Amino acid sequence: MQDKALPENDLSNLRRNYERDSLSSSTLNVDPFEQFQIWFDQAVVSDLVEPNAMVLATSASNTPTIRTVLLKSFDNRGFVFYTNYKSRKASQISAQPFVSLLFPWHSLERQVIILGKADPLDRNESSAYFKSRPYESKIAAWASSDQSKVIRSREYLENTWGSYEQRFKGKEVPIPDYWGGFRVAPNEFEFWQGREKRLHDRFRYQLISQNSENPTWQKERLSP
């Protein structure tokens, strides 16, 4: 008989032990961007589905929201993604530019959390990326001009896509005025590696001194 103290859909026994890898301060790169590059490259060759998928958390008016977006580039300036500037995420970033990113690499028993400030990309950079997108993705950017808004039906969306396809048939599809990228400039990284007995390895890098040529990061182990 089920214990009445437990909820009907009890998931307390749904667990696994993490034993794939470990982390130590001595093996971590002193530069969190370099460490992220190492882990990202390992995620790519591990055949993960969408290794560049990241959960983006934004907040405004005491209402936090999250969604999954795709990382499109990164360097020591930050992490870049693209979106509709009229979307809820963009509106919240406009009101409160400090965001969080999460890379959930479950099969590697790893995750990376990044905190930082999101700023719109230079228009030329957004345009260059838009030109590289597949044709259907370019049309979709126009068809979803009302991103995050209520629409009548799937048929309405398909018809809107079709009307823009006809409009730009045989032409270069221009970047919409309301579409572009953001770059998240980090001030904190956390690298998490699952370990046995739930004694996970967690290391945080905090930006101590901002210098474009040689920023200073403080690295610390956190309690799991």
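Refer to the structure printed above.
Computed from a prediction, not measured in an experiment: that's the story for all the values here.

Novice: Please provide a residue-by-residue account of the pattern of salt bridges, values included.
Specialist: Going through the model one piece at a time under the given rule, you end up with 11 salt bridges. Of the charged contacts in the structure, one is a salt bridge between D21 and R110, with a shortest N-O distance of 3.0 Å. Of this pair, D21 sits in the segment before α1 (32-45) while R110 is found in strand β6 (residues 110-120), placing the two residues 89 residues apart along the sequence. The class of D21 is partly exposed, set by a relative accessible area of 34%. E158 is the partner of R154 in a salt bridge, and the nearest nitrogen-oxygen pair spans 2.9 Å. In this pair, R154 and E158 are both assigned in helix α5 (residues 154-167), 4 residues apart and thus about one turn of the helix distant. On the basis of relative accessibility, which here comes to 59%, the residue R154 falls in the exposed class. Owing to a relative accessible area of 41%, E158 belongs among the partly exposed residues under this scheme.

Novice: Talk me through the nonpolar core; I want residue IDs and the actual numbers.
Specialist: In this structure, F36, F103, W105 and F189 are the most contacted members of the largest nonpolar core, which totals 31 residues. Mapped by element, the contributors of at least two residues to this core are α1, β1 (53-60), β4 (78-84), α2 (88-95), β5 (98-105), β6, β7 (179-193) and β8 (201-209). Each residue touching F36, except ones within four places of it in the same chain, is listed here: L71, F74, F79, F103, W105, V112, I114, F189 and F191. Counting 14 residues, the second largest nonpolar core, distinct from the first, contains L121, Y129, A141 and F168.

Novice: Give me the layout of surface pockets: which residues, what numbers.
Specialist: In this structure, the largest pocket occupies an estimated 430 Å³ of space. Lining the largest pocket are 21 residues, and of these D31, F33, N76, P215 and W217 sit closest to its centre. Contributing elements (two or more residues each) for the lining of the largest pocket: α1, β3 (73-75), β7 and β9 (216-222). By volume, the second largest pocket is sized at about 320 Å³. In terms of lining, the second largest pocket is formed by 15 residues, of which the most central are Y82, T83, R133, Q147 and W179. Every element with two or more residues in the lining of the second largest pocket is listed here: β2 (63-70), β4 and α4 (135-143).

Novice: Hey, could you go over the packing of aromatic side chains for me, with residue numbers and the actual values?
Specialist: In the structure shown here, the tally under the stated rule is 29 aromatic pairs. Summarising the aromatic geometry, the rings of F103 and W105 are spaced 5.6 Å apart at their centres and angled 45 degrees between planes, so their arrangement reads as tilted. Pair check on accessibility: F103 and W105 agree, each one buried. Measuring from ring centre to ring centre gives 6.3 Å for Y164 and F168, while their planes differ by 10 degrees; the resulting arrangement is stacked. There is no split in this pair, since Y164 and F168 are both buried. Each residue in the set F33, F36, W39, F40, F74, F79, F103, W105, F189, F191, Y205 and W217 is aromatic and connected to the rest through ring pairs, giving one cluster. The residue whose ring lies beneath K86 is Y178, and the NZ or CZ to ring-centre distance is 4.7 Å. Looking at R167, its charged tip hangs above the ring of W142, at a distance of 5.2 Å from the centre.

What counts and how
Starting from 1, residues in each chain are numbered consecutively following that chain's sequence as written. Under the rules for a predicted model, residues below a pLDDT of 70 receive no local features and side-chain atom pairs below 80 are neither given nor counted, while totals for whole chains, interfaces and linings still include all residues. The basis for every side-chain value is the complete set of non-hydrogen atoms in the structure, without hydrogens or water. Salt bridges are counted wherever a side-chain nitrogen of Lys or Arg sits within 4 Å of a carboxyl oxygen of Asp or Glu. Put simply, DSSP marks the helices as runs of H or I at least four residues long and the strands as runs of E at least two long, and each gets a number from the N terminus on. The classification of residues rests on relative accessible area computed with a 1.4 Å probe and restricted to protein chains. Under 20% of the type maximum is buried, over 50% is exposed, and intermediate values are partly exposed. Nonpolar cores were defined as sets of buried Ala, Val, Leu, Ile, Met, Phe, Trp, Tyr and Cys residues, with membership established by side-chain atoms within 4.5 Å. Note on contacts: a residue pair is in contact if any heavy atoms of the two residues lie within 4.5 Å. Only protein atoms enter the 1 Å grid used here, on which a cavity is any set of points holding a 1.4 Å probe that cannot leave and a pocket is any open set flanked by protein within 12 Å on both sides along at least five of seven lines; residues with an atom within 4 Å of a point are listed as lining. Grid points are joined across faces, edges and corners, and a volume is the space filled by probe spheres set on the points. Geometry of aromatic contacts follows a simple scheme: Phe, Tyr and Trp rings, the Trp one being its six-membered ring, pair when their centres are within 6.5 Å, and the pair is stacked under 30 degrees between planes, edge-to-face over 60, tilted otherwise. Think of it as a cone above the ring: NZ of Lys or CZ of Arg counts as a charge over the ring if it is within 6 Å of the ring centre and within 35 degrees of the ring normal.

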